[in-house]
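Overview (structure and organization)
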Amino acid sequence: MQSRTRRVFVALCAAFLLFSYSSTETFAFSLQDTDGAEIALHDYKGEQVLLLFFTTWCEVCQEELAMLAENKQLFSEAGISLIAVNMTDDELNERVVEEVAKQLPFPVVLDPDQLASRQYGVLGVPMTIAVNEDGEEVSRFFGPSSLEQLLVAFDNS
């Protein structure tokens with residue numbers, strides 16, 4: 001009896017793992033940037049995209065944003081578009097987000113209801129998600145990530 005229980009448990013665990021990793025399709029979103037323009041992830045279909053979920057009060061997020069901005073040209077040359085997703089509901093003041101966005105060479109979209117953040121399972125910031133040309137998530141990084149990690153993330157897709 002114990003052997004059968006163990007086999008059932010192992011089978012259920014295996015089924016859970018297969019189910020949870022069977023789809024890498026990303027969640028579509030359409031959010032407004034700080035100027036009010038709509039930016040939709042499906043507009044980037046056929047492109048590699050890095051999504052950085054952040055808040056302005058997070059020091060590690062600020063370092064990540066600075067690293068991405070500093071290397072924007074390198075990402076562009078590698079065919080990677082950058083989108084920063086601000087978890088606006090966690091911000092004290094949207095005006096601060098606008099000030100940060102003005103200094104960045106890539107779009108910053110606002111996620112005031114954290115719909116995109118919840119869809120992607122973002123539990124903390126910064127969270128960086130690599131999306132390939134087919135719209136599939138190929139990697140995710142929680143916390144600080146290096147330039148090399150982010151560029152290599154697309155090599156395995």
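Summarised in this report is the structure supplied together with it. (Residues numbered from 1 in each chain as written. Predicted model: local features only at pLDDT ≥ 70, side-chain atom pairs only at ≥ 80, totals over all residues. Heavy atoms only, no water.)

It is worth spelling out helix α4 (residues 94-102) at this point. Taken as a whole, α4 has its buried residues at V97, V100 and A101. Within α4, the buried residues cover an arc of 100 degrees as seen down the axis, which keeps them to one side. Of the exposed residues in α4, the ones pointing more than 90 degrees away from its buried face are R95 and K102. Residues of α4 that are buried make contact with α2 (59-70), β4 (80-86) and β5 (108-110). For α4, the N-terminal capping position is held by N93, with its side-chain oxygen 2.7 Å away from the main-chain nitrogen of R95. (Buried < 20%, exposed > 50% of the residue type's maximum accessible area, 1.4 Å probe, protein only. Helix = DSSP H or I, 4+ residues; strand = E, 2+ residues; numbered from the N terminus. Arc of directions from axis to C-beta. Contact = heavy atoms within 4.5 Å. Polar contact = N/O pair within 3.5 Å; in protein donor to acceptor, adjacent residues only side chain to side chain.)

Within the secondary structure, E91 sits in the loop between β4 and α4. In the structure, E91 is positioned 37 residues away from F54 in sequence and 10.0 Å away in space, judged by C-alpha atoms. If sequence neighbours within four positions are ignored, E91 has contacts with T55, T56, W57, N86 and V97.

Within the secondary structure, L50 is located in strand β3 (residues 48-54). Each C-alpha atom, one on L50 and one on F154, is 9.7 Å from the other, the two residues being 104 residues apart in sequence. Not counting residues within four places of it along the chain, the set of residues in contact with L50 comprises L68, F75, I80, S81, L82, I83, T128, I129, A130, L150 and F154.

So, about the pairing of strand β7 (residues 137-142). Bridging between strand β6 (residues 127-131) and β7 involves five bridges; their strand directions are antiparallel. When the sheet's bridge partners are listed, M127 is paired in β7 with F142. Connecting β6 to the antiparallel partner β7 that follows it, the hairpin turn spans five residues, and G135 within it adopts a positive phi of roughly 80 degrees. (Pairing = 2+ DSSP bridges.)

Okay, α2 next. With twelve residues, α2 ought to run about 16 Å at 1.5 Å a step, and its terminal C-alpha atoms sit 17 Å apart, in line with that. Elements that come into contact with the buried residues of α2 comprise β3, α3 (72-77), β4, α4, β6 and α6 (147-152). (Expected span 1.5 Å × (residues − 1).)

Strand order in the open sheet made by the five strands is β5-β4-β3-β6-β7, with mixed pairing throughout. Edge positions in the open sheet fall to β5 and β7, since each of these has one partner strand only. Strand-to-strand twist across the sheet, computed as the mean angle between neighbouring axes with direction ignored, equals 20 degrees. Seen against the sheet, α2 touches β3, β4 and β6 and runs at an angle of roughly 155 degrees to β3. (Axes fitted to C-alpha atoms, helices over the stretch in contact; angles between N-to-C directions.)

Okay, unusual backbone geometry next. Following V125, the chain continues to P126 via a peptide bond in cis, the omega torsion being -5 degrees. Along the chain, P126 turns up in the loop between α5 (115-119) and β6. Positive phi values are uncommon outside glycine, yet Q114 reaches one of about 55 degrees.

Core analysis: the biggest nonpolar cluster contains 43 residues, and F29, L50, L51, F53, L65, L68 and Y120 have the highest contact counts within it. Residue assignment for this core shows that the elements contributing at least two residues are β3, α2, β4, α4, β5 and β6. Sorting elements by how many residues they give to this core places β3 first, with six residues. Those residues in contact with L68 that lie beyond four places of it in its chain are L50, L52, F75, L82, F106 and L150. (Core = buried A, V, L, I, M, F, W, Y, C linked by side-chain atoms within 4.5 Å.)

Among the seven residues of β4, seven are classified as buried, and the element is accordingly described as predominantly covered. Both faces of β4 are covered, namely the face carrying I80, L82, A84 and N86 and the face carrying S81, I83 and V85. One ladder, built from seven bridges, connects β3 with β4; its direction is parallel. If you follow V49 over to β4, its bridge partner there is S81. The pairing of β4 with β5 spans three bridges and is classified as parallel. Bridge pairing in β5 links V85 to V109.

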